[in-house]
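Listed below, chain by chain, are the residues.
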Amino acid sequence: MILDLDIGNTLSKWRLKDADSSEIRSRGAVWTREEWRPGADIPDLDVVEAVRISSVARKAVLQETVGLLRRRVGTVHVARSTHEALGVSNGYEEPGKLGVDRWMGALAGYQLAGGCCAVDCGSAITVDFVLPGGRHLGGYIIPGLRLMKESLKLGTRNVAIDPDSEAEELLEPGRRTVEAVNHGIYMAAVSAVNRIYSEVCDQQDVALPMLLTGGDARVVSRGIQVPHAVWPDMVYGGLEACFPLTAAERAGRLSGAPRVPSPVAMEKIRAALAFSMLL
Ligand SMILES: Nc1ncnc2c1ncn2[C@@H]1O[C@H](COP(=O)(O)OP(=O)(O)O)[C@@H](O)[C@H]1O
Ligand SMILES: CC(C)(COP(=O)(O)O)[C@@H](O)C(=O)NCCC(=O)O
Ligand SMILES: [K+]
């Protein structure tokens, strides 16, 4: 079994993948804490022959996790943001400073779709661009839905946005504090992603396929106007591409990859942008 780990600022996600059949056998998530120790809520390490890790948590969390895993598992791969990988050149002045989850998403997106706009809706919402040809431009970081809500301190932190609500509902003016907050932060997040996408496609003169991942991907997706696909395993896709271990991975097939969305024509993106500038 292969254990893939995606340690985010809020949640540490894991999945067990069968190395022979490439099937995902189980998955789970635990809060990202000081330490990551075996317990009821994490997988049985006895069946694991290799681990792949993407972590943006504090250095000590990663060190502790890697230390623990190396004592139990033969192969431990830790992903790093590099200057170049798999045909993608990192747009950061200091490539190592780019969050490795963003780098994994960009690499997976590029492998799947060529140029892409990779959006990760987690603790933060990050939007990264890779052009056809592999130039990563850099990206944008805004607070995620939960962080935005918590920063307001209006006593609404425990009332989450219902992930099954329709976007139209979530974009209406709120008539109670909790609604005003939820609709406000939702509007802020989706407007930002829509605008960033159109601005960058316009500047670069290319309509890129958009891919969404992260804990809030589904709800953010409802408010995104351009064609896009949700890919829950996008960060894992980057790990598969960087450290291929199964036959399917070596052949470049990333598990759970969606169909590549066809972007709308550039004229439409420009018209939407021109319209939003008038407002
Ligand atoms: N069951 C859940 N538990 C915690 N957060 C959730 C859950 N479902 C959705 N979320 C949302 O997902 C975010 C965490 O998403 P995730 O992509 O795992 O973040 P990170 O990678 O930063 O840890 C939370 O901030 C919250 O808004
Ligand atoms: C921007 C992030 C906090 C997003 O992390 P997440 O929301 O997935 O937990 C993470 O990618 C990070 O710590 N990045 C380092 C700073 C940078 O990318 O510029
Ligand atoms: K994120």
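Not measured: the values here are computed from a predicted model.

Take the coordination of the potassium ion (ligand 3) next. In this structure, Asp120 (OD) and Ala124 (O) serve as the protein donors to the potassium ion (ligand 3), at separations of 2.9 to 3.2 Å. The partly exposed category is assigned to Ala124, whose relative accessible area is 27%.

Turning our attention to the site of ligand 2. The environment of ligand 2 is made up of 14 residues, and the closest members are Tyr92, Gly99, Asp101, Arg102 and Ala124. Residue Gly99 places a main-chain N or O atom 2.8 Å away from an oxygen atom belonging to ligand 2. Within the contact set of ligand 2, an oxygen atom lies 2.7 Å away from a side-chain nitrogen or oxygen of Arg102. Here ligand 2 has 460 Å² of accessible area as a free molecule, and 77% of this is covered by the chains. Here ligand 2 is seated within the largest pocket. Taken together, the elements giving at least two residues each to the shell around ligand 2 come down to α2 (100–113) and β9 (124–130). In terms of residue class, the shell around ligand 2 is made up of five nonpolar, six polar and three charged.

Most of β9 sits out of view: six of its seven residues are buried. Here strand β8 (residues 116–121) pairs with β9 via six bridges, running antiparallel. What sits directly across from Ala118, in β9, is Asp128. Where β8 folds back onto β9 in an antiparallel hairpin, the turn is made up of two residues. Pairing between β9 and strand β10 (residues 136–143): seven bridges, direction antiparallel. From the neighbouring strand, Phe129 faces β10, where its bridge partner is Gly138. The turn joining β9 and β10, which pair antiparallel and follow one another in sequence, is formed by five residues; a positive phi near 105° is taken by Gly133.

For an interface, size is often stated in terms of accessible area lost upon the parts coming together. Taken domain by domain, the protein chain comprises domain 1 (2–78) and domain 2 (99–278). Relative to domain 2, the C-alpha centre of domain 1 lies at a distance of 25 Å. Taken together, the 24 residues of domain 1 in the interface contact 18 residues of domain 2. Summing both partners gives a buried area of about 1600 Å² for domain 1 against domain 2, and 57% of it is carried by carbon and sulfur.

Tallied over the entire structure, the rule returns one cavity of 30 Å³ or more. Size it by volume and the largest cavity reaches roughly 40 Å³. Where the lining of the largest cavity is concerned, the elements lending two or more residues are α2, β8 and β9. Class assignment for the residues of the lining of the largest cavity results in three nonpolar, two polar and four charged.

As a further point, take helix α9 (residues 266–278). Between its first and last C-alpha, α9 extends 19 Å over 13 residues, near the 18 Å set by a 1.5 Å rise per residue. When α9 is considered as a whole, its buried residues turn out to be Met266, Ile269 and Leu273. Taken end-on, α9 shows its buried residues confined to a sector of 65°, consistent with a single buried face. Every exposed residue of α9 that faces more than 90 degrees away from the buried side is listed here: Glu267, Lys268, Phe275 and Leu278. Where the residues of α9 are buried, they touch α5 (177–204).

Our next topic: the sheet that holds strand β12 (residues 228–230). Strands sit in the order β10-β9-β8-β11-β12 across an open sheet of five strands; the sheet is mixed. Strands at the two margins of the open sheet, each flanked by one partner only, are β10 and β12. Adjacent strand axes in the sheet meet at a mean angle of 15°, parallel and antiparallel pairs treated alike.

Let's shift gears to the UniProt feature "binding site: ATP" (unreviewed entry) in the protein chain. Under the present numbering, the feature "binding site: ATP" (unreviewed entry) in UniProt falls on Asp6, Ile7, Gly8, Asn9, Thr10, Leu11, Ser12, Lys13 and Ser123. In terms of the greatest pairwise C-alpha distance, the residues named above, spread along 118 residues, form a tight cluster of at most 13.2 Å across. Among the annotated residues just listed, those lining the largest pocket are Asp6, Gly8, Asn9, Thr10, Leu11, Lys13 and Ser123. As for its placement among the helices and strands, Leu11 is situated in strand β2 (residues 11–17). You can call Leu11 partly exposed: its relative accessible area is 30%. The contacts of Leu11, once residues within four sequence positions are left out, are Asp6, Val30, Trp31 and Thr32. With respect to the helices and strands, Ser12 occurs in strand β2.

The rules we used
- Residues numbered from 1 in each chain as written.
- Chains lettered and ligands numbered in written order.
- Predicted model: local features only at pLDDT ≥ 70, side-chain atom pairs only at ≥ 80, totals over all residues.
- Heavy atoms only, no water.
- Donors = N, O, S within 2.8 Å, 3.2 Å for Na, K, Ca; no water.
- Buried < 20%, exposed > 50% of the residue type's maximum accessible area, 1.4 Å probe, protein only.
- Near = heavy atom within 4 Å.
- Polar contact = N/O pair within 3.5 Å; in protein donor to acceptor, adjacent residues only side chain to side chain.
- Areas by Shrake-Rupley, 256 points an atom, 1.4 Å probe, with all protein chains shown as cover.
- 1 Å grid on protein atoms, 1.4 Å probe; cavity = no way out; pocket = protein on both sides within 12 Å on 5 of 7 lines; lining within 4 Å.
- Sits in = over half its atoms within 2 Å of the grid points.
- Helix = DSSP H or I, 4+ residues; strand = E, 2+ residues; numbered from the N terminus.
- Nonpolar A, V, L, I, M, F, W, Y, C, P; charged D, E, K, R; others polar.
- Pairing = 2+ DSSP bridges.
- Domains from an automatic or database assignment.
- Contact = heavy atoms within 4.5 Å.
- Buried area = accessible area lost by both parts, 1.4 Å probe.
- Points joined across faces, edges and corners; volume = space filled by probe spheres on them.
- Expected span 1.5 Å × (residues − 1).
- Arc of directions from axis to C-beta.
- Axes fitted to C-alpha atoms, helices over the stretch in contact; angles between N-to-C directions.
- UniProt positions renumbered as here; feature names shortened; annotations may be inferred.

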